[in-house]
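Examining the three-dimensional arrangement
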Amino acid sequence: MKIRTIFSLFLGGFAFAAFAQGGYQDGVDYYNADRFDKAKTILEKTLNDASTDKATSYFYLGSLAMRDNNIAGATENFNKGVQANPAYGYNYVGLGEIAIKNGNKSEAEKLFKQALEGNKKDASVMAAIARAYFNVDPTLYAKEIDKNIQNAMKASKNKEAQIYVLKGDMAKGTDIGQAAGFYEQAIIYDEESGDVNPEAYVKYSNLYNKVNPDFAIAKLVELNEKLPTSALAQSELAEKYYDGNQFTKAAEQYGKYIKNPNHFQGDEQRYSGLLYFGKKYQESLDVATQVLAADPDNEYMQRMVMLNKAALKDFTGAEAAAAKLFAHTNAKFTATDYSTYGDILSELKRPQEAIDAYTKAYELNPEKNKQMLAEISSMYNDLANDVKAVEFMQKYVDAGDASLNDYFILSNRYKNLGLSLPEGSPERAEAANNGIKYIDLALEGAANKGPLYRNKATLIMVRDGAETTPELIQTYKDMLAAYDEDPANKEKYADAYKTAYTRMGSYFMQEGDNAQAREYFQKVLEIDPENTPVQEVLKKLN
């Protein structure tokens, strides 16, 4: 299974792997970095934690509701935020945004004024007011946006990071270079004041990810060094490694990230997949098993159990995992699901079921899954169904991209078919001739020709029966010449030598060439000195 195919299946949902104890701040960071689904999950999960600043969490939950156009939900959350801490100005900003959206600008201005009552020079709140206008209509409220940006710049002596993040967000749709410059300024000004701005790092990195992925990754490595416990920093770096096809580093980073209590089950699923493709099968299996302990019906992890157990040669366990996987009647299965299941059933000596699985794999994408035709042929061969074994191997070879070994296998399929047909029949001769054709194709480029010539000799005998023809003798000569290139073959392939010498001796004896007959029979005795029948023939010849 191609790695991106499998990951497209893994990332379903944002369920927590465990109760989040890393704090609501991760939710805030995710929101500010435009990772809204993750932000919502964390903020909701941590809302009642003792360490949570509820006024802050309610503001961001209200902002998420606004994104979903859930005005009632947003209003409720912002009001709860005001009740939790009236001095926290952002919830008034949220209520002001609702007022703007409802066409009540004067009410919005009152709420914005209230937001600044605690600190009239709070540049970050001014930036939030500018963003509220921007969120509703950047064109209609261009003057108000600019006015609040200028107020914030003045109040902060041009160093309010949130203003530069906003300006970056405003510019990224039309001028990526300018947006990157604004995000970089946000990073610099926050660090000058002793803070780290994770959203600016992430947005900056995202701008460069497609044009300069190494630079994007470098910025996130820097962020991780400065905020080593940030779930946002850890997850973004892991994903950028993955996007850049640096799967080994991605696996290492996901291994760190899933230790963060604010990670998600989908992250564990991706980690399991990365470990699998890194051939760390037991580690991948351990992660999948851990996920299944909390989510027993997780089809993605049942798939990983099947894949890993098959790779670890635990075919009984793999078959059990496959049964659970395929029990998901509404799931989307891949060709690799079926081909792996076919391999498992093949190892368990269940060829007919393996054929069914391989057929489904092939049918999902015939062009990409041609190899399944060869696997189906192999299973029919195990079932001694020679007609079907030939049919599917022939289809595979005809589909293109066949190797020399594929030609060799097809010739063997034809040999088996020929042996199953009546001697002397036209069908038997046709099967043998087809086998010879593919042996000859294999011989054109084969390095080790000896076994191929031996197979060709067998096919000639299948076709011609007991008759020893000059074609058979020449094939044996070619076989012996090929084997003789390596002296060790005389012992390694002793049976092939003995068969050839015996058949050649008999042929020349029948032709009346006793000298050559004696020569070949003598070679038989060099290999098998105790061969009584050959000894008797030599006595008569002498």
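Remember, it's a predicted structure, so these values are computed and weren't measured experimentally. (Residues numbered from 1 in each chain as written. Predicted model: local features only at pLDDT ≥ 70, side-chain atom pairs only at ≥ 80, totals over all residues. Heavy atoms only, no water.)

**Digging into the overall build of the chain**
Counting secondary structure elements, the chain contains 31 helices and zero strands. In terms of overall size, the chain is more extended than a compact globule, its C-alpha atoms giving a radius of gyration of 37 Å where 542 residues would be expected to give roughly 24 Å. Counting only C-alpha atoms and orienting by the principal axes, one finds that the chain spans roughly 125 × 40 × 40 Å. Put simply, the chain has 542 residues, and 50% of those count as buried. A total accessible area of about 26100 Å² is found for the chain, and carbon and sulfur atoms account for 47% of it. Separation of charge centres in the chain, based on 63 positive and 77 negative side chains, amounts to 4 Å. (Helix = DSSP H or I, 4+ residues; strand = E, 2+ residues; numbered from the N terminus. Rg over C-alpha atoms; globule rule 2.2 N^0.38 Å. Buried < 20%, exposed > 50% of the residue type's maximum accessible area, 1.4 Å probe, protein only. Areas by Shrake-Rupley, 256 points an atom, 1.4 Å probe, with all protein chains shown as cover. Lys, Arg positive; Asp, Glu negative; His and termini not counted. Charge placed at Lys NZ, Arg CZ, Asp CG, Glu CD.)

**Focus: helix α20 (residues 335–347)**
The end-to-end C-alpha separation of α20 is 18 Å, in line with the 18 Å expected for 13 residues at 1.5 Å each. Burial of α20 is extensive: 11 of the 13 residues sit out of reach of the surface. Listed in full, the buried residues belonging to α20 are A335, T336, D337, Y338, S339, T340, Y341, G342, I344, L345 and S346. On its buried face, α20 is in contact with α18 (299–311), α19 (315–326), α21 (351–364) and α22 (371–382). (Expected span 1.5 Å × (residues − 1). Contact = heavy atoms within 4.5 Å.)

**Structural notes on the packing of aromatic side chains**
In this structure the tally under the stated criterion is 30 aromatic pairs. With a centroid separation of 5.2 Å and 40° between ring planes, the pair formed by Y164 and Y189 is classed as tilted. Of this pair, Y164 sits in helix α10 (residues 161–171) while Y189 sits in helix α11 (residues 176–192), and the two are 25 residues apart along the sequence. You can call Y164 buried: its relative accessible area is 4%. Connected via pairs of aromatic rings, a cluster forms that spans Y31, F36, F59, Y60, F78, Y88 and Y90. (Phe/Tyr/Trp six-rings, centres within 6.5 Å; stacked < 30°, edge-to-face > 60°.)

**Brief notes about the environment of Q535**
Looking at the element boundaries, Q535 is found in helix α31 (residues 532–541). Taking C-alpha positions, Q535 is 72 Å from Y242, a pair spaced 293 residues apart along the chain. Not counting the four nearest positions on each side in its chain, Q535 is found in contact with L525, P529 and E530.

**As for the layout of surface pockets**
Roughly 1100 Å³ of internal volume is contained in the largest pocket. Together, 45 residues line the largest pocket, and N32, Y60, R131, Q162 and E199 are the ones closest to its centre. Elements represented by at least two residues in the lining of the largest pocket include exactly α2 (25–32), α4 (54–67), α6 (90–101), α8 (123–136), α10, α11 and α12 (198–208). A total of eight residues in the lining of the largest pocket trace back to one element, the largest contributor, which is α8. (1 Å grid on protein atoms, 1.4 Å probe; cavity = no way out; pocket = protein on both sides within 12 Å on 5 of 7 lines; lining within 4 Å. Points joined across faces, edges and corners; volume = space filled by probe spheres on them.)

**Considering the nonpolar core**
Counting residues in each nonpolar core, the largest one holds 85 residues, and the members touching the most others are Y30, V93 and F112. Counting residues in each nonpolar core, the second largest holds 79 residues, with I355, Y407, Y414 and Y476 among its members. (Core = buried A, V, L, I, M, F, W, Y, C linked by side-chain atoms within 4.5 Å.)

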